[in-house]
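Understanding the architecture of this molecule
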Amino acid sequence: MSKDREKQLAAEASLELVEDGMTLGLGTGSTAKFAILKLGEMVRKGLKVRAVPTSEWTHDLAQGQGIPLVDFSQVTRLDLTLDGADELDADLHLIKGGGGALFREKIVARASDRMVVFADAAKQVEHLGAFPLPVEVNPFGWQVAAEKIKALGATVKLREVNGNPFVSDNHGYILDCSFGVIKNPPALEDKISAITGVMETGLFIHICKMAYLGGKDGVVKLKPR
Ligand code: 5RP
């Protein structure tokens, strides 16, 4: 089975959690796209929901699908956020931010009663860290934050597009930080978050309540161990 098919199966399966009247957070990325397309179909068949997008990309995709959108400034609590992930472990700690939307993804997830992720099976790992951890930093003085993250043991690379810094929807830069195996994700999250200039990290600790993983035998649901 192709990776795309695994993503599609997982993303579409997660929509079983969606109920009439819900306010949803909609994630960003190639797996989230499958969920948004399916949700669009469900809305066109009469499902009544409203959604907060976690990126401009998601906003445009969801709007094109006819999904009613609500500005985040109008919402302080969501029922359910559905999103992808770059890596997840058995505690359902996540690395996110491969698409650079980690700040909005995290603030929306944290405002939600429940955050659920979907992914292809290869994203499940014993230890987080093979995927470089995205950290969003303020452009002013980003080099200082980068040095402090290096001092925590990472190799740090400023994310670039066509030779220029990648700029997030949130007007931040992204540092892709390779720590190797992350033995204690909660402790690392605390250390990076304490650095002035860091706007948000791609570590999602105790935020995700369930994962749908698409693999060759279909979809498996995981809860934190
Ligand atoms: C974007 C994200 C994505 O959810 C993550 O990168 C997974 O993307 P994909 O579904 O394309 O593999 O965190 O910031």
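Since we're looking at a predicted model, the values are computed, not measured. (Residues numbered from 1 in each chain as written. Predicted model: local features only at pLDDT ≥ 70, side-chain atom pairs only at ≥ 80, totals over all residues. Heavy atoms only, no water.)

Further remarks concern the sheet that holds strand β2 (residues 50-53). Here we have 6 strands laid out as an open sheet, ordered β2-β1-β3-β6-β14-β15, and mixed in their pairing. The open sheet is flanked by β2 and β15 (218-222), the only strands paired with a single partner. Recorded for the sheet is a direction-independent mean angle of 20° between the axes of neighbouring strands. Two elements, strand β1 (residues 23-26) and strand β3 (residues 78-83), share 3 bridges in a ladder whose sense is parallel. Bridging across to β3, G25 finds its partner in T81. (Pairing = 2+ DSSP bridges. Helix = DSSP H or I, 4+ residues; strand = E, 2+ residues; numbered from the N terminus. Axes fitted to C-alpha atoms, helices over the stretch in contact; angles between N-to-C directions.)

Further remarks concern the site of the ligand. Residues in close proximity to the ligand total 17 residues, the closest being S30, T31, D86, G97 and K123. Here an oxygen atom of the ligand and a side-chain polar atom of K96 are 2.9 Å apart. Separating an oxygen atom of the ligand from a side-chain N or O atom of E105 is a distance of 3.0 Å. Contact with the protein chains covers 91% of the free accessible surface of the ligand, which is 380 Å². Considered class by class, the residues forming the shell around the ligand number 2 nonpolar, 9 polar and 6 charged. (Near = heavy atom within 4 Å. Polar contact = N/O pair within 3.5 Å; in protein donor to acceptor, adjacent residues only side chain to side chain. Areas by Shrake-Rupley, 256 points an atom, 1.4 Å probe, with all protein chains shown as cover. Nonpolar A, V, L, I, M, F, W, Y, C, P; charged D, E, K, R; others polar.)

The next thing to look at is the pattern of salt bridges. Oppositely charged side chains can form a pair if their charged atoms are brought close together. Applying the stated criterion across every chain yields a total of 15 salt bridges. Here K38 and E41 are joined by a salt bridge, their closest N and O atoms 3.4 Å apart. Of the two residues, K38 and E41 both sit in helix α2 (residues 30-44), 3 residues apart, roughly one turn of that helix. Across the salt bridge formed by R159 and D176, the nearest N and O atoms sit 2.8 Å from each other. Placement of the pair is R159 in the loop between β8 (155-158) and β9 (160-161) and D176 in strand β11 (residues 173-178), with a sequence separation of 17 residues. In this structure, R159 and D176 share a single accessibility class: buried. Taken together, the salt bridges that share partners define one network made up of K3, D120 and K123. (Salt bridge = Lys/Arg side-chain N within 4 Å of Asp/Glu carboxyl O. Buried < 20%, exposed > 50% of the residue type's maximum accessible area, 1.4 Å probe, protein only.)

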